[in-house]
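# What the coordinates show
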Amino acid sequence: MQTGIEKRSFKMIPVVMVLFLLAGCAPLRGEEQIVGYQTQKSKTTQKVIRYTGEKSKAIPFVYTTKRELSLTFNGMADSETMKKLLDELDKYHLKATFFLPGMRVAEEPNLAKEIASRGHEIENNTLNQLDLAKLSYDQINSEIKLSKDVIQKETGIVPRYIRTKAGTYSDDIRLAAAQNGQDAVISYSLFLHNWENETDAQKMHYVRKYINRGGVIALDTEESKQLVENVSLLAKAAADVGYQFVSLHDLIAGGKERKSLQEIDGYDAAVIHANDSQATYHYVMKEETGKKQIALSFDDWGTDYTITRILDTLDKYHVKASFFLRADGVEKNPNLARAIAEAGHDVANHTYSHPVVTKITQTQLQEEIVKAHRIITEAIQQKPTMYFRPPTGVFDESTLKAIGATGYHTITNFDVDPSDYLKSKTADEIVNAILEHTHSGSVILLHMLDDTHTVEALPIVIEKLRSRGYTFVKMTEMFGP
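Quantities reported herein were computed from a predicted structural model and do not represent experimental measurements.

What counts and what doesn't
Sequence order as written defines the numbering, with residues in each chain counted from 1. Given that the model is predicted, a residue must reach a pLDDT of at least 70 before its local features are reported, and side-chain atom pairs must reach 80 or more before they are shown or counted; all residues, however, enter totals for whole chains, interfaces and linings. Hydrogen atoms and water are omitted, and side-chain values are computed over all heavy atoms in the structure. Here, nonpolar core means buried Ala, Val, Leu, Ile, Met, Phe, Trp, Tyr and Cys residues that are tied together by side-chain atoms lying within 4.5 Å of each other. Partly exposed describes any residue whose relative accessible area lies between the buried limit of under 20% and the exposed limit of over 50%, with all areas from a 1.4 Å probe on protein chains only and scaled to the type maximum. For helices the rule is a DSSP run of H or I covering at least 4 residues; for strands it is a run of E covering at least 2, with both sets numbered from the N terminus onward. A helix is expected to span 1.5 Å for every residue after the first. Every axis in this analysis is a line fitted to C-alpha atoms, fitted for helices over the stretch in contact. Angles between the N-to-C directions lie between 0 and 180 degrees. Angles below 35 degrees are treated as roughly parallel, those above 145 as roughly antiparallel, those between 65 and 115 as roughly perpendicular, and all remaining angles as oblique. Left-handed describes a crossing whose near helix is turned anticlockwise from the far helix through less than a right angle; right-handed describes the clockwise counterpart. Whether two residues are in contact is decided by their heavy atoms, any of which lying within 4.5 Å being enough. Each residue is assigned to one of three groups, with Ala, Val, Leu, Ile, Met, Phe, Trp, Tyr, Cys and Pro labelled nonpolar, Asp, Glu, Lys and Arg labelled charged, and all others, Gly among them, labelled polar. One number per residue, pLDDT, summarises how confident the predictor is, and it ranges from 0 to 100. Two rings belonging to Phe, Tyr or Trp (six-membered ring only in the last case) form a pair when the distance between their centres is within 6.5 Å. Interplanar angles under 30 degrees mark stacking, angles over 60 mark edge-to-face geometry, and anything in between is tilted. Counting as a charge over the ring demands two things of the Lys NZ or Arg CZ atom: a distance within 6 Å of the ring centre and an angle within 35 degrees of the ring normal. The rule for a salt bridge is simple: a side-chain nitrogen of Lys or Arg has to be within 4 Å of a carboxyl oxygen of Asp or Glu. DSSP calls a pair of strands paired once it identifies at least 2 bridges connecting them.

This next bit is on the nonpolar core. One finds Leu-296, Phe-298, Trp-301, Leu-314, Phe-323, Leu-325 and Leu-465 to be the most contacted residues of the largest nonpolar core, which totals 44 residues. Counting residues in hydrophobic clusters, the runner-up holds 43 residues, among them Met-82, Ala-106, Leu-111 and Leu-190.

Let us now look at unusual backbone geometry. Positive phi, close to 70 degrees, is recorded for Thr-126, a residue that is not glycine. Mapped onto the elements, Thr-126 comes out in the loop between strand S6 (121-124) and helix H5 (137-155). With phi around 80 degrees, Asp-300 is a residue other than glycine that occupies positive phi space. The topology assignment puts Asp-300 in strand S13 (residues 293-300). Looking at Asp-300, the relative accessible area reads 8%, which means it is buried.

Next up on the list: helix H10 (residues 304-316). The terminal C-alpha atoms of H10, which comprises 13 residues, lie 17 Å apart, in line with the 18 Å expected from a rise of 1.5 Å per residue. All of the buried residues along H10 are Asp-304, Tyr-305, Thr-306, Ile-307, Thr-308, Ile-310, Leu-311, Thr-313 and Leu-314. Looking at the residues trailing H10, positive phi occurs at His-318, about 55 degrees.

Right, let's talk about the packing of H10 against helix H16 (residues 454-467) for a bit. Two numbers describe how H10 lies on H16: the axes approach to 10 Å, and their chain directions differ by 10 degrees. As summarised for this structure, H10 and H16 are arranged roughly parallel, according to the angle between their axes. Of the two possible hands of crossing, H10 and H16 adopt the one that is right-handed. Of the residues in H16, those touching H10 at Thr-306, Arg-309, Ile-310, Thr-313 and Leu-314 are Val-455, Leu-458, Pro-459 and Ile-462. Within the contact of H10 with H16, the residues separate by chemical class into six nonpolar, two polar and one charged.

Bringing the confidence of the model for the protein into the picture now. Per-residue confidence for the protein averages 90 on the pLDDT scale, and 90% of its residues sit at or above 70. Every residue in residues 23-45 scores below 50 in pLDDT, and together they form 52 contacts with partners more than four places removed in sequence or on other chains.

Attention now moves to the packing of aromatic side chains. Tallied over the entire structure, the rule returns six aromatic pairs. The ring of Tyr-352 has Lys-371 lying over it, and the distance from NZ or CZ to the ring centre is 3.8 Å.

On to the pattern of salt bridges, then. For the structure on display, the rule yields 21 salt bridges. Taking the shortest distance from any N to any O, the salt bridge between Lys-83 and Glu-114 comes out at 3.9 Å. Note that Lys-83 is positioned in helix H2 (residues 79-91) and Glu-114 in helix H4 (residues 109-117), a separation of 31 residues in sequence. Measuring nitrogen to oxygen at the nearest pair gives 2.4 Å for the salt bridge that ties Glu-342 to Lys-256. Here the residue Glu-342 occupies a position in helix H12 (residues 334-342), and Lys-256 occupies one in the loop between helix H9 (248-253) and strand S12 (282-284), the gap between them amounting to 86 residues.

Let us look at the pairing of S13. Side-chain positions along a regular strand alternate between the two faces of the sheet. Most of S13 is tucked away, with eight of its eight residues classed as buried. In this sheet, strand S19 (residues 471-472) lies alongside S13 in parallel orientation, the contact comprising two bridges. Bridging from a neighbouring strand, Gln-293 pairs with Thr-471 of S19. Sheet topology note: the S13/strand S18 (residues 443-447) ladder contains five bridges and is parallel. In the sheet register, Ser-297 faces S18, and the bridge partner there is Leu-445. Alignment of S13 against strand S14 (residues 322-325), held across four bridges, turns out to be parallel. If you follow Phe-298 over to S14, its bridge partner there is Phe-323.

Next comes the structure, spelled out in structure tokens:
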């Protein structure tokens, strides 16, 4: 997708006019006031005293397991474009958050007021959308303060959040934001640029990857050539997953505080231990028992679109399962991992990047396991299930000892593998393979990968196995914690 398209250029208002608009407001501070792409000295002001209090929060996404995310827009395009956008949002009953530049609000205050009157949030996009990373603290402070004051003067709304032009933030930006009463500096989980030659299916496939619980999606009203089209696309993608867009303020208000890794009990339960001569491990793949109980297990990672449907199916049938998470996916989408844990399933370790463990060094293997352990622990905010499953199920004696030495003493495998990871496998083929090979004490391997037929097969598998008298348990119930 294109990323370098030039923004529409609007005529900038001289500082004297902005000051006139703000008559009665607190005076500007700082040696320089930024106007458009020029710098103008202010002879009557004093240097800003650098803020020494707590920085405003930096929020790229909200930590939550609620099925909610936020749609946000940067800038304020021309009146015709903005009204088409507002009409499209009304069509899908979406309430969005608009980060408006103070200069544009000063130019067209009635348009800003219409955005608010349609039920959308108005927040601070700085005065001129300059690259704040290149400015001094005084200049950053002025860009934030003057924009906030213009928005308040023209609309009566006091912005709570700020977003920079590029969605980036630094300590100076966060300090200046706090100095001006901005609760948070907002980034995003997806910035949707212009499409090139993608098909409708490719667009949906791409967008669906970023429909995440707690996600913050951003579009630029001046850059985007498919602004209205993208609203329709995003609305459909969210509906397909069963998620809803809410205002940024509501999303943040419903979020949870995350403990740092070191504050979580068990974060150090996995360690790199080069000397594995005394390592112990317990290898399990099925339970030799007369009980008609079996375990469903899921490996790897996928999008909310796939994993949420798996969770919903398990919830519908009151089944608890065991999930072995690929941590490079968890790292990008911790909320989904937390949702799995909150649903009461085992959440275990499947390495960070899914290597075949017999094809890497023992040091690399231990690094994969420990890194995955810490990412999963921080994501779910608790110690994971201390089970490890090697990718592809391949191992040898030396890898088993290396794994055990990390603190993961229970190494698991499976005895029923329907190869559901193959996109060519139909739901019927998956079901038949499972029914043919499942016996009392079996561990069934499934995957939470996108674009496979596992989701379709899962309810049929549960119903048919239950009809044969089987009960479903987690692996920790079958083999012990």
